[in-house]
Amino acid sequence: MSIQSNPVVLITGASSGIGLAAAQLFAQRGWRVAATMRNPAQGVELAAQPNVVILPLDVTDATSIKSAIAATLAQFGRIDALVNNAGYGLFGPFETATDEQIRRQFATNVDGIFATTREVLPTMRKQGSGTIINVASVGGLVTLPFFSLYHATKYAVVGFTESLSFELAPLGIRAKFVAPGGVATDFAGRSLAQTFDGNENAYSDTLAKSMAAISARRAGYSSAASIADVIFKAATDEAALVMYLAGADAEHIFQLRQSLSESERLAVTRQHSGLQ
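This is a predicted model, so every value here is computed, not measured.

A.B. asks: Help me understand helix α5 (residues 148-168) in this model?
C.D. replies: Across its 21 residues, α5 extends 30 Å between first and last C-alpha, which sits within 8% of the 30 Å expected from 1.5 Å per residue. Burial in α5 covers these residues: L149, Y150, H151, T153, K154, V157, V158, T161, L164, S165 and L168. Taken together, the buried residues of α5 touch β5 (89-91), α4 (99-127), β6 (130-135) and β7 (173-180).

Below, the structure is given as structure tokens:
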């Protein structure tokens, strides 16, 4: 796909973390950027950069999605790349998750990607070009304990993206996913929702061990800026790839998935999660 001069990217969840870093990088590289977020007041600093427009977009609100994409087209006339970045993590036992927590996790991490992608496709078809980049996770390729619902959403994103890539390629449109490992953002802090309260439950012992193991690994997490570099590569390279691993830990984890037997891999996961 040939990249237009001063191409246009729309990024969801651009108020912080990976989305913010990606918006900054694309703008620095000469792209025109529609940086979208639920609360545009959080984008004041980003809006000061040339060729960046801040737009309200809640991926769980169909009207909001339509309005943001229409505003992007009114402002820039085209959309060359869509970066579906908005999402959050849900941690804890599946048994203690509420129906509302389950619905919200899928509404944001999966349904939101479906809705934004479907809304932007008519424009990309008319252009005969475009790239859809879904920020998945290495957690869409391998799993850890107590992230069952989060993993379910990211596995869905990975499968959706790869299948979509086949059907869109004849139209000149590419679909790709970026799979970060651990990222030094607020994902594991304020943005990480939990399915449990502080009371004792049947999972308390293994929960404590898993949480300790997660905390011990945070020092090796990638920066949001390094993940943004991979997103930009996915948007601009000519490689016939769908999967882009992002971060040394993601590459290592995926290599283990490929090289170990099933029993060996499960044993390693239990060990690294503090469960044996």
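A.B. asks: What's the story with empty space enclosed by the protein in this structure? I'm lost.
C.D. replies: A probe as big as a water molecule, rolled over the atoms, marks out the empty space that is left. Within the structure shown, the criterion is met by one cavity of 30 Å³ or more. If you add up the space inside the largest cavity, you get close to 30 Å³. If you trace the largest cavity, you find it lined by L144, P145, F147, S210, I214, R217 and S273.

A.B. asks: Explain the environment of S15 here, please?
C.D. replies: Here S15 lies in the loop between β1 (8-11) and α1 (17-28). Given a relative accessible area of 24%, S15 falls into the partly exposed group. Through-space distance from the C-alpha of S15 to that of A246 is 20 Å; in sequence the pair is 231 residues apart. Non-local contacts of S15, meaning those with residues more than four positions away in its chain, are made with L20, M37 and Q42.

A.B. asks: Please clarify how the packing of helix α3 (residues 62-76) against α4 should be interpreted in this entry.
C.D. replies: Describing two packed helices takes the angle between their axes plus the distance from one axis to the other. Closest axis-to-axis distance for the α3/α4 pair is 10 Å, and the angle between their directions is 35°. Seen along the crossing, α3 lies across α4 with a hand that is right-handed. In this structure, α3 uses I65, K66, I69 and L73 to contact α4, whose residues at the interface are A115, T116, E119, V120 and T123. Tallied by class, the residues present in the contact of α3 with α4 amount to five nonpolar, two polar and two charged.

A.B. asks: I'm lost on the side chain of T123 in this one. Help?
C.D. replies: Among the structural elements, T123 can be located in helix α4. When sequence neighbours within four positions are dropped, the list of residues in contact with T123 reads L73 and I79.

A.B. asks: What should I look at first to understand the layout of surface pockets in this one?
C.D. replies: Estimates place the volume of the second largest pocket at around 170 Å³. S165, A169, I173, R174 and A175 are, among the 13 residues lining the second largest pocket, the residues nearest its centre. Looking at the lining of the second largest pocket, the element that brings in the most residues is β7, giving four residues. Here the lining of the second largest pocket is composed, by residue class, of eight nonpolar, two polar and three charged.

A.B. asks: What's the story with the nonpolar core in this structure? I'm lost.
C.D. replies: Where a protein is soluble and globular, its nonpolar side chains tend to be buried together. If you look at the biggest cluster of nonpolar residues, it comprises 33 residues, and the most contacted ones within it are I11, F26, V33, A35, V178 and I231. Of all elements in the fold, only β1, α1, β2 (32-37), β3 (52-56), β4 (81-84), β6, α7 (224-236) and β9 (243-246) reach the threshold of two or more residues within this core. When residues in this core are grouped by element, the largest group, eight residues, is from α7. By size, the runner-up hydrophobic cluster in this structure holds 22 residues, among which are I65, L121, M124 and L168.

The rules behind these values
Residues numbered from 1 in each chain as written. Predicted model: local features only at pLDDT ≥ 70, side-chain atom pairs only at ≥ 80, totals over all residues. Heavy atoms only, no water. Helix = DSSP H or I, 4+ residues; strand = E, 2+ residues; numbered from the N terminus. Expected span 1.5 Å × (residues − 1). Buried < 20%, exposed > 50% of the residue type's maximum accessible area, 1.4 Å probe, protein only. Contact = heavy atoms within 4.5 Å. 1 Å grid on protein atoms, 1.4 Å probe; cavity = no way out; pocket = protein on both sides within 12 Å on 5 of 7 lines; lining within 4 Å. Points joined across faces, edges and corners; volume = space filled by probe spheres on them. Axes fitted to C-alpha atoms, helices over the stretch in contact; angles between N-to-C directions. Left-handed = near helix turned anticlockwise from the far one by under 90°. Nonpolar A, V, L, I, M, F, W, Y, C, P; charged D, E, K, R; others polar. Core = buried A, V, L, I, M, F, W, Y, C linked by side-chain atoms within 4.5 Å.

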